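# Topology and contacts: notes
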Amino acid sequence: FSSMCLVLALKEATQTPLLALDEFDVFMDERNRRVSLEILQKVLLSHSDSQTIIISPLSLSSIPERPGVKKILIRPVDRNQRSLDFEAA
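Now for a look at the structure at hand. Source: prediction; values computed, not measured. (Residues numbered from 1 in each chain as written. Predicted model: local features only at pLDDT ≥ 70, side-chain atom pairs only at ≥ 80, totals over all residues. Heavy atoms only, no water.)

## Here we look at the overall build of the protein
If you tally the helices and strands in the protein, you get two helices and two strands. N-terminal to C-terminal, the α/β element order of the protein is α-β-α-β. Whereas a compact globule of 89 residues would reach a radius of gyration of roughly 12 Å, the protein reaches 16 Å, over 25% beyond that. Based on the C-alpha atoms only, the size of the protein along its principal axes is roughly 45 × 30 × 25 Å. With 89 residues in all, the protein has 21% of them scored as buried. Put simply, of all contacts in the protein between residues at least 6 apart along the chain, 64% involve residues at least 24 apart. Per element, the accessible surface of the protein, about 7400 Å² overall, is 56% carbon and sulfur. Charge separation in the protein, taken as the distance between the mean sites of 11 positive and 12 negative side-chain charges, equals 3 Å. (Helix = DSSP H or I, 4+ residues; strand = E, 2+ residues; numbered from the N terminus. Rg over C-alpha atoms; globule rule 2.2 N^0.38 Å. Buried < 20%, exposed > 50% of the residue type's maximum accessible area, 1.4 Å probe, protein only. Contact = heavy atoms within 4.5 Å. Areas by Shrake-Rupley, 256 points an atom, 1.4 Å probe, with all protein chains shown as cover. Lys, Arg positive; Asp, Glu negative; His and termini not counted. Charge placed at Lys NZ, Arg CZ, Asp CG, Glu CD.)

## Considering the layout of surface pockets
Taken as a whole, the largest pocket encloses approximately 1000 Å³ of empty space. Every residue lining the largest pocket is counted, 29 residues in all, and those nearest its centre are T52, I54, L60, K70 and K71. Per-class residue counts for the lining of the largest pocket are 16 nonpolar, 10 polar and three charged. (1 Å grid on protein atoms, 1.4 Å probe; cavity = no way out; pocket = protein on both sides within 12 Å on 5 of 7 lines; lining within 4 Å. Points joined across faces, edges and corners; volume = space filled by probe spheres on them. Nonpolar A, V, L, I, M, F, W, Y, C, P; charged D, E, K, R; others polar.)

## Quick look at the packing of helix α1 (residues 2-14) against helix α2 (residues 30-45)
A packed helix pair is summarised by two numbers, namely the angle formed by the two axes and the spacing between the axes. Remark: α1 packs on α2, axes separated minimally by 11 Å, with the N-to-C direction vectors making an angle of 5°. As summarised for this structure, α1 and α2 are arranged roughly parallel, according to the angle between their axes. Here α1 contributes M4, L8, K11 and E12 to the contact with α2, which in turn contributes S36, I39, L40, V43 and L44. Among the residues making up the contact of α1 with α2, the classes are represented as six nonpolar, one polar and two charged. (Axes fitted to C-alpha atoms, helices over the stretch in contact; angles between N-to-C directions. Parallel < 35°, antiparallel > 145°, perpendicular 65-115°, else oblique.)

## Here's the deal with the pairing of strand β2 (residues 51-55)
Bridge analysis of strand β1 (residues 18-22) against β2 gives five bridges, and the strand direction is parallel. Of the residues in β2, the one forming a bridge with D22 is I55. One crossover worth recording links β1 to the parallel β2 by way of α2, and it is right-handed. (Pairing = 2+ DSSP bridges. Right-handed = clockwise from strand over helix to strand, strands pointing away.)

Okay, structure coming up:
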């Protein structure tokens, strides 16, 4: 939680147009994760002049679809796959 607060403070200070958060929530308990996601939404949606990429192996279902928010779900990797299926793409 404190790491996320530091990142948001640095974003405010530097006013960068792009912020990427990779697995920031994997070691948080569910309560802190929910609070962190609520704070992230509130702060980041107030910055219409920047983009944010959040990568998480956990569910982002608590983030609602709305204008300015686009969620992309990547299907899990099949660990038993032995070849690439280019026809499916």
